[in-house]
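Chain by chain, the residues:
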Amino acid sequence: MLTKPMSNAGRGRLARFFQGDLWWSLRQDPVAMGAGVVLIAVVLLALFAPWIAPQNPYDLAQLDLLNAELPPRWIAGGEAQFLLGTDTQGRDVWSAILYGSRMSLVIGLATVVLSLAIGLMVGLAAGYFGGWIDNALMRLGDTLLSIPTILVAILVTAVFRQLLPPGLRETLSSVILILAISMTNWVQYARTVRASALVERGKEYVQSARLIRVSPLRIMLTHILPNTLTPVMVTATLNLGLAILIEATLSFLGVGMPPTEPSLGTLIRLGNQFLFSGQWWVVVFPAVYLSLVVLVVNLLGDWLRDALNPRLR
């Protein structure tokens, strides 16, 4: 008896979305529509990689050295089963890209979620309480921003890898990367939320809640937080592409994902070793795919920023 009202409510929210300004704005922007379609395709390809990819490139039983160093299918010497060619170990480049994109997307999304959670808590506390709490939290953020994100991530990654036992270093590589990138990314969310919280805390509905002795935590979560989510959504969308790019950079430098659990950055690092030996496809296709993913995410972020800006309506 409870499923029918819930399904009706779900259909109602979906109908309101398709009738709202955001969907109308998306339909009016062909670039954003195209970017959205490409991003959905990338996510689906990564999600269903075990069923779509011709082979599991990291299952040694499926590799054959006789198929090593084959060019893409449309070049002389290529084979039909290897669309983008193979590397020196006989791994299908297209399959490696699909599996590598899974790791890149997971790390990017997890980094955004963790950074967003930290930034929301810090920004709400700084904006609501003000005073020395605001100064301490914001000065901490300024200190982190004064150091390049790549250097902080390299330092954190190196420290964690030295502290962990050798058997756990590769297993926890993705967790270490997420923590390392989130160390500085939360500051942007905190500043955005703090600016909105400073405005909202002086409004009448917040003052009324204080007068009836509503707890500060409840005021921040139920009254102030919903009114700060619009700029945070834009920041999160833009930072998704940045997080994927930072992860790829760290993996390319050799302090990110190991070859046993590759991301797109790892594939580019491994393929770069054979770039000048004539096997250009091993590095070019993963690099193009990474650029495509970051590009479509940034295009959607730009569209969302314009769509949620009331001055442009």
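As the structure is a prediction and not an experimental result, all values here were calculated from the model.

Participant: Is there a simple way to think about the overall build of the protein chain in this case?
Facilitator: In terms of helices and strands, the protein chain carries 14 helices and zero strands. Starting at the N terminus and walking to the C terminus, you meet the elements of the protein chain as α-α-α-α-α-α-α-α-α-α-α-α-α-α. Dimensions of the protein chain, computed from C-alpha atoms along their principal axes, come out at roughly 75 × 50 × 45 Å. Here the protein chain holds 313 residues, and 42% of them are scored as buried. Sequence separation of 24 or more characterises 70% of the internal contacts of the protein chain that already satisfy a separation of 6 or more.

Participant: Could you clarify how one ought to interpret helix α5 (residues 93–129) in this entry?
Facilitator: Because an α-helix packs 3.6 residues into every turn, residues spaced three or four apart end up facing the same way. Here α5 spans 53 Å end to end across 37 residues, near enough to the 54 Å set by a 1.5 Å rise per residue. The buried count for α5 comes to 26 of 37 residues, which makes it a mostly enclosed element. Glycine 130 sits one or two residues past α5 and shows a positive phi near 65°.

Participant: What is the right way to read the environment of valine 282 from this model?
Facilitator: In this fold, valine 282 is placed in helix α14 (residues 281–307). Considered as a pair, valine 282 and glutamate 69 are 213 residues apart in the sequence and their alpha carbons are 8.9 Å apart. Discounting chain neighbours no more than four positions away, the residues touching valine 282 are Thr86, Asp87, Val93, Leu267 and Gly271.

Participant: Looking at this structure, how should I read unusual backbone geometry?
Facilitator: In terms of backbone geometry, most residues other than glycine have negative phi values and most peptide bonds are trans. The phi dihedral of arginine 213 falls on the positive side, at around 65°, and the residue is not glycine. Inspection of the secondary structure puts arginine 213 in the loop between α10 (204–211) and α11 (216–224). Given the relative accessible area of 77%, arginine 213 is considered exposed.

Participant: How should the nonpolar core be read in this particular structure?
Facilitator: Across soluble globular proteins, you tend to see nonpolar side chains buried next to one another. Of all hydrophobic cores here, the largest spans 47 residues; its most connected members are Ile97, Ile219, Ile224, Ile244, Tyr289 and Leu290. Excluding residues within four positions of it along the chain, tyrosine 289 makes contact with Val42, Leu45, Trp94, Ile97, Leu98, Ser101 and Leu264. Ile107, Ala153, Leu177 and Leu250 belong to the second largest nonpolar core, which has 12 residues in total.

Participant: Even after reading the chapter, I still don't get the UniProt feature "transmembrane region" (unreviewed entry) in the protein chain, so can you show me in this structure?
Facilitator: UniProt feature "transmembrane region" (unreviewed entry): in the numbering of this structure it lies at residues 31–53, 105–131, 143–160, 228–253 and 280–304. Helix makes up 96% of residues 105–131 and strand 0%, and the two end C-alpha atoms of the span are 39 Å apart.

Calculation rules
- The residue numbering used here restarts from 1 in each chain and proceeds along that chain's sequence as written.
- The predicted origin of the model limits local features to residues at a pLDDT of at least 70 and limits the giving and counting of side-chain atom pairs to 80 or more, whereas totals for whole chains, interfaces and linings rest on all residues.
- With hydrogens and water stripped out, all remaining heavy atoms of the structure feed into the side-chain values.
- The secondary structure listing takes helices from DSSP runs of H or I that are at least 4 residues long and strands from runs of E that are at least 2 residues long, numbered from the N terminus.
- Relative accessibility thresholds used throughout: buried, under 20% of the residue-type maximum; exposed, over 50%; partly exposed, between the two (1.4 Å probe, protein chains only).
- The contact criterion used is simple: two residues touch if any of their non-hydrogen atoms lie within 4.5 Å.
- Multiplying one less than the number of residues by 1.5 Å gives the expected span of a helix.
- Working definition of a nonpolar core: buried Ala, Val, Leu, Ile, Met, Phe, Trp, Tyr and Cys residues. They are joined through side-chain atoms within 4.5 Å.
- UniProt positions are given in the numbering used here, feature names are shortened, and annotations may be inferred rather than shown by experiment.

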